[in-house]
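# Observations on the model geometry
One letter stands for each residue in the lines below.
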Amino acid sequence: MIEQIRHATADEAASAAGAPDDRPPHEWQPAPLAVRARQALSFQNISAIYIFVLLFVVFALWIPSTFLTWGTWRSLLSDTSITCLVAVGLVVPIAAGVVDLAIGTEVGLGAIVVAWLLADRHASIPLAIALTFVCGAAVGVIIWALITRARINAFIATLGMSSVLLAVIAWISGSQQILNLGAGFQTLATNQLFGLTYPVYILLAVAVVVWYVLEKTPAGRRVYATGGNPEAAGLAGIRTSHVILLSTITCGVISALAGLLVSSQLATGDPTIGTPYLLPAFAAVFLGSTQFRGGRPNIWGTVLAAYVLAVGVKGFQLAGAPIWIPDLFNGLALLLAVGMAQFQKTPTARTAAIRRLLRGARQPISDRGENQV
Amino acid sequence: MSAPSTGTLLSASGLSKTFPGLKALDNVGLQVSSGEIVAVVGHNGSGKSTLVKILAGVYEPDPGAQVEIRDASGQVLQGQAARSRLHFIHQDLGLVETLNAVENLGIGREHGWRSLLPARAAAERRRAEQLIARFGARFDVLAPISRLSPAERAILAIARALDGWDGPDNVLVLDEPTTAFRESEVKRLFEAIRRVAKSGAGIVFISHRLDEVLGLADRVVALRDGRIVADEPAGQLNHDQIVELIAGHAIAEVEHSAQTAGDPVLEVSGLRGGTIRDLDLSLRAGEILGVSGVLGSGREELSGLLFGAIRRDGGTVTLSRRPLSPGDMSAAIEGGMGFVPADRRRMGAVIDMNVRENLTLPFMRPLRRRFGRLDGHAERAETHRWTRTVGLRPPDPERPLRLLSGGNQQKVVLAKWLRTEPRVLLLDEPSQGVDVGAKATIYELIVGAREAGTGVLICSSETKELVSLCDRVLVLQQGRLACELPRDSLSEERLVREELGLGINNGRPSVGQANSKESEID
């Protein structure tokens, strides 16, 4: 019973204290700059940056000759850009409350469709790209219809969809790699500008646009409200069905873009290329959601997390670690990220005690809610 | 009375809790005797939840605190041993919705390795039935919890807490168990609580429903600003005195000023849907219209139907001379309608978002700038103004709603609609789960909206609220309009009788007390 009350009341820890009656309400002031700066730089807010520094130091000492070269970092930036692009696309549906497990196969579909159009149908490059986008958007519409029209739980709907898409990919490609995409198409992902490949700039452009919409516009606010509580959002006049449609289409188009970049990079349409993007993308979004915005999925947190994870993976690879290290690393990062999010949400007696201990004798600073009056 | 001893069971003294910059609890003591029901009342922020959390061991009290339990043999238990004699029932009860009563009762029990053996179904069922029968309840113990009424669930939670008590020397702490209850169910729960007390246990009951407290408790402990301001037998206090004690000043009844109502802003004819069958009503600008009725009369569905949250089956709703299509909430808001639902946490607000985001959610157009940008500066300024207007505590616009008290959450929900300057404001149980202080603010805001020319519709089970606020009240019975009471013939007693269909001349009113008003149709 005590355990329950603990759980149920942890959220309300702040309101328990409340403000004394005689204090005029408008006396409240934002916390002083020093406190805010300390909060902004706290491990809790930007843990990924601290992890990055740690990884950097470890690998710089361990394998300085390979890790500390411009070439390594240049290829890291380029190679990770597509994974990161997938993660950016995934942020949107997750913010709207749709956990899109089909994201990996959506990438795979984009990769195979563009290859098939170019190699088998001899479509022109712009037409092939446009049709691939249409295809990605169509997948988004289907997922939306399954969730809002057929009222299937998003988790199940996208899980089922991912299997269907795998079948479609195998059908289009005959489970064979599609070759001969043409040299022109390959330049899209391999050409360089200021030493970095095009996908890095594409990622940056997409991330900026999605960030602007999510954080700076009423539309983005509606996406987060829908993800937070669809019922309350609906009662505030938000057409949650439209918001979900917008988010699944955005995700479909961005993952199709990522897919066609993969095909361009490999100069091959590979039917097995999509699924491996699932886990890194989820790890980046969830780890990213613990950054900056206190538990809310967000673009820059995701981009940061994707690159930090990539640095870890790259470092282990350069150090000659076995081939299963990336999987282990990404899996642990996902678990750690979600675990940390729980830690942030419900401070239990134990974590509260630890925090008290850590604060020690020095005058306690107000930490998140509990004491902030 | 079978109470074996009447000595002090729980004795807590010197309980203090200091948060940086705030003394949440200041040298509070609490004694509970065997068989006694002690009510703890207070504002949000008065320290009552802090008190519960110290007793439960969630918070560590400041040094000098002492919590003791005297067990049946006269031995004094402290620390962990004392804590094992304290049982808590929180508002959410901690039951698993998808399991049935038998399974829920079994969850907490120690089985050891035997938990792998098949459960003995028949014996378990009989045991469960016996357990709940001790509290005067009878229901299907094999039905999933989600199908039980709130009172039945609460009784089950009590039964589970008491299962395995080896003596009367235990204390049951109920923390706001009745927030989501209808009044008839409150009675059933109280019956069960009285039985627990009779068996010799001590009860600590925490609530902000003052009528309840007076009906149940032997002793009332009132907290204000972390201190005890009264500790008196319940018989020596009345409703107004308690309000005065916990608010620290007498809260004036809402001053009702007659105001000439304007043109009709909302006209409804032949409305059907849910339990409502063929309802007509008309609401005018600057009018407060109350809707009353027992549970199941359609009162709790009306505002949702008008707003479009529940799809109506027939009838027309005309908002400022424009017909509203069914189920289109965006159009209703565009047309100047606002809706404060009864279930705040689930429907009223996005509680993981902060005050600012919730406030501007229904109406962001005036904050839109070029390229669809949301003007953060203007938004913050506007939020700051509204937190002042509604007296939000703490007035921190960036605080997630989750971390605000019920009353302050409701202020935000109300503010977000007042900000849209609605023509019609629909309120469903506007003061449910709200403390006395916030309630006064909410009433002021409602009256303020009326003065600004808004037509207000209040659906409420609290007759006192309807009588003090409304210009006229519609009484519903079984989905139809039973009668309409104008302001000058409005009284609590009259309302209660009309709700029950007793009319005005059917003998003496036997149900004056608000607590028992729904018992007769149950």
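Before going further, it helps to spend a moment on the overall build of chain B. For chain B, the helix and strand inventory stands at 17 helices and 20 strands. Restricting to contacts in chain B with at least 6 residues of sequence separation, those with at least 24 account for 67%. Total accessible area computed for chain B in this model is approximately 21,700 Å², and 47% of it derives from carbon and sulfur atoms.

Looking now at helix 15 (residues 278–289) of chain A. All names here are of chain A. End to end, helix 15 covers 17 Å across 12 residues, agreeing with the expected 16 Å (1.5 Å per residue, within 8%). The buried fraction of helix 15 amounts to nine of the 12 residues, a majority that puts the element mostly inside the structure. Those residues of helix 15 lying buried are P280, A281, F282, A283, A284, V285, L287, G288 and S289.

It is worth spelling out the sheet that holds strand 12 (residues 276–284) of chain B at this point. All names here are of chain B. Taken in spatial order, the four strands line up as 12-11-14-15 in an open sheet, and their pairing is antiparallel. The open sheet is flanked by strand 12 and strand 15 (322–324), the only strands paired with a single partner. In this sheet, adjacent strand axes meet at a mean angle of 20° when their direction is disregarded. Summarising the sheet, strand 11 (residues 264–273) and strand 12 pair through six bridges and their orientation is antiparallel.

As a further point, take unusual backbone geometry. All names here are of chain B. Residues R393 and P394 are joined by a peptide bond in cis, for which omega reads -10°. Here E421, not a glycine, exhibits a phi torsion of approximately 50°, which is positive. With respect to the element layout, E421 can be found in the loop between helix 14 (406–418) and strand 17 (424–428). Relative accessible area serves as the criterion here: at 67%, E421 is assigned to the exposed category.

Before going further, it helps to examine the sheet that holds strand 6 (residues 86–89) of chain B. Residue and element names in this part refer to chain B. Strands sit in the order 6-7-8-3-9-10 across an open sheet of six strands; the sheet is mixed. Either end of the sheet is taken by a strand with one partner, and the two such strands are strand 6 and strand 10 (227–233). Mean inter-strand twist for the sheet, computed between neighbouring axes without regard to direction, equals 20°. Judged from the four bridges that link them, strand 3 (residues 37–42) and strand 8 (residues 202–206) form a sheet pairing that is parallel. Bridge assignment links V40 to a residue of strand 8, and that residue is I206.

All names here are of chain B. Mapped onto the secondary structure, Q31 falls in strand 2 (residues 22–33). For Q31, a relative accessible area of 35% puts it in the partly exposed group. Considering only alpha carbons, one finds Q31 and I69, 38 residues apart in sequence, at a separation of 9.9 Å. The residues contacting Q31, other than those within four sequence positions of it, are T8, L10, S11, A12, E36, V38 and R219.

For the rest of this paragraph, the subject is the packing of helix 11 (residues 198–216) of chain A against helix 14 (residues 240–266) of chain A. All names here are of chain A. Direction vectors running N to C along helix 11 and helix 14 enclose 175°, while the axes themselves pass 12 Å from each other. What the angle tells us is that helix 11 and helix 14 run roughly antiparallel. Touching P199, I202, V206 and V210 of helix 11 are I254, L257 and L261, all from helix 14. For the contact of helix 11 with helix 14, a count of residues per class yields seven nonpolar, no polar and no charged.

We now examine the packing of helix 12 (residues 218–228) of chain A against helix 14 of chain A. Residues and elements named next belong to chain A. Running from N to C, helix 12 and helix 14 point in directions that differ by 105°, and their axes come no closer than 10 Å. Relative to helix 14, helix 12 is oriented roughly perpendicular. Listed contacts from helix 14 to R222, V223 and T226 of helix 12 are T240, V243 and I244. Classifying every residue of the contact of helix 12 with helix 14 by side-chain character gives three nonpolar, two polar and one charged.

Further remarks concern the confidence of the model for chain A. Residue and element names in this part refer to chain A. In the predicted model, chain A carries a mean pLDDT of 82, and the fraction of residues at 70 or more is 83%. For residues 1–26, every residue scores under 50 in pLDDT, and the model assigns this stretch 65 contacts once sequence neighbours within four places are set aside. Across residues 346–350 the pLDDT falls below 50, and counting only partners more than four positions away or on other chains, this stretch makes seven contacts in the model.

With that out of the way, let us pick up the packing of aromatic side chains. Enumeration over the complete set of coordinates arrives at 15 aromatic pairs over all chains. Centre to centre, the rings of A:W211 and A:W300 are 6.3 Å apart; their planes meet at 45°, and the pair counts as tilted. Taken as a pair, A:W211 in helix 11 and A:W300 in helix 16 (residues 299–318) lie far apart in primary sequence, 89 residues in all. What makes A:W211 partly exposed here is its relative accessible area of 26%. Plain terms: the ring middles of B:F190 and B:F205 are 5.6 Å apart, the flat faces sit at 85° to each other, and that makes the pair edge-to-face. Residue B:F190 is located in helix 6 (residues 183–198), and its partner B:F205 is located in strand 8; the two are separated by 15 residues in the primary sequence. Comparing B:F190 with B:F205 shows no difference in burial state: the two are buried. An aromatic cluster is built from A:F52, A:F56, A:F59, A:W62, A:F67, A:W73, A:F316 and A:F329, whose rings are joined through pairwise contacts. Here the basic side chain of A:R296 rests over the ring of A:Y224, its NZ or CZ set 4.9 Å away from the ring centre. One Lys or Arg, B:K17, reaches over the ring of B:Y59 and ends 5.5 Å from the middle of that ring.

In this structure, A:L85, A:V88, A:V210 and A:I299 are the most contacted members of the largest nonpolar core, which totals 97 residues. For this core, the leading source of residues is helix 6 (residues 70–95) of chain A, giving 12 residues. Excluding residues that lie within four positions of it along the chain, A:I299 makes contacts with A:V88, A:V91, A:A207, A:V210, A:W211 and A:L214. Ranked by size, the runner-up nonpolar core spans 70 residues in total, among them B:V412, B:A415, B:V456 and B:L490.

Turning our eyes to something else, we now look at the environment of A:V141. Residues and elements named next belong to chain A. Relative to the elements of secondary structure, V141 occurs in helix 8 (residues 125–149). For V141 and T248, which are 107 residues apart along the polypeptide, the C-alpha to C-alpha distance reads 6.8 Å. With near-sequence residues (within four places) excluded, V141 lies in contact with L245 and I249.

Let's shift gears to the pattern of salt bridges. Close approach of charged atoms allows side chains with opposite charge to pair. Residue and element names in this part refer to chain B. Tallied over the entire structure, the rule returns 22 salt bridges over all chains. Between R346 and D343 there is a salt bridge whose closest N-O contact spans 3.1 Å. By relative accessible area, which is 44% here, R346 ends up partly exposed. With a shortest N-O distance of 2.9 Å, R472 and E484 are connected by a salt bridge. You can see R472 sitting in strand 19 (residues 472–477) and its partner E484 sitting in strand 20 (residues 480–486), a full 12 residues away along the chain.

Time to look at the side chain of A:N229. Mapped onto the elements, A:N229 comes out in the loop between helix 12 and helix 13 (230–235). At a separation of 3.1 Å, a polar atom in the side chain of A:N229 contacts the main-chain amide nitrogen of A:A232.

Let us look at the pairing of strand 10 of chain B. All names here are of chain B. By the bridge criterion, six bridges tie strand 9 (residues 219–224) to strand 10 in an arrangement that is antiparallel. Its bridge partner lying in strand 10, R224 is registered against R227. A loop of two residues connects strand 9 with strand 10, the two strands running antiparallel in sequence, and D225 in this loop sits at a positive phi of about 50°.

Residue and element names in this part refer to chain B. When cut into domains, chain B gives domain 1 (8–247), domain 2 (251–336 + 421–522) and domain 3 (350–419). Residue-level contacts link 18 residues of domain 2 with 12 residues of domain 3. Between domain 2 and domain 3 lies a buried interface of about 1,200 Å² when both sides are counted; carbon and sulfur atoms form 71% of it. The closest approach of N and O atoms between E334 and R365, which form a salt bridge, is 2.8 Å. The interface formed by domain 2 and domain 3 contains four residue pairs in polar contact (both at pLDDT 80 or more).

Each value, and the rule that gives it
Residues numbered from 1 in each chain as written. Chains lettered and ligands numbered in written order. Predicted model: local features only at pLDDT ≥ 70, side-chain atom pairs only at ≥ 80, totals over all residues. Heavy atoms only, no water. Helix = DSSP H or I, 4+ residues; strand = E, 2+ residues; numbered from the N terminus. Contact = heavy atoms within 4.5 Å. Areas by Shrake-Rupley, 256 points an atom, 1.4 Å probe, with all protein chains shown as cover. Expected span 1.5 Å × (residues − 1). Buried < 20%, exposed > 50% of the residue type's maximum accessible area, 1.4 Å probe, protein only. Pairing = 2+ DSSP bridges. Axes fitted to C-alpha atoms, helices over the stretch in contact; angles between N-to-C directions. Parallel < 35°, antiparallel > 145°, perpendicular 65-115°, else oblique. Nonpolar A, V, L, I, M, F, W, Y, C, P; charged D, E, K, R; others polar. pLDDT = per-residue confidence, 0-100. Phe/Tyr/Trp six-rings, centres within 6.5 Å; stacked < 30°, edge-to-face > 60°. Lys NZ or Arg CZ within 6 Å of the ring centre and 35° of its normal. Core = buried A, V, L, I, M, F, W, Y, C linked by side-chain atoms within 4.5 Å. Salt bridge = Lys/Arg side-chain N within 4 Å of Asp/Glu carboxyl O. Polar contact = N/O pair within 3.5 Å; in protein donor to acceptor, adjacent residues only side chain to side chain. Domains from an automatic or database assignment. Buried area = accessible area lost by both parts, 1.4 Å probe.

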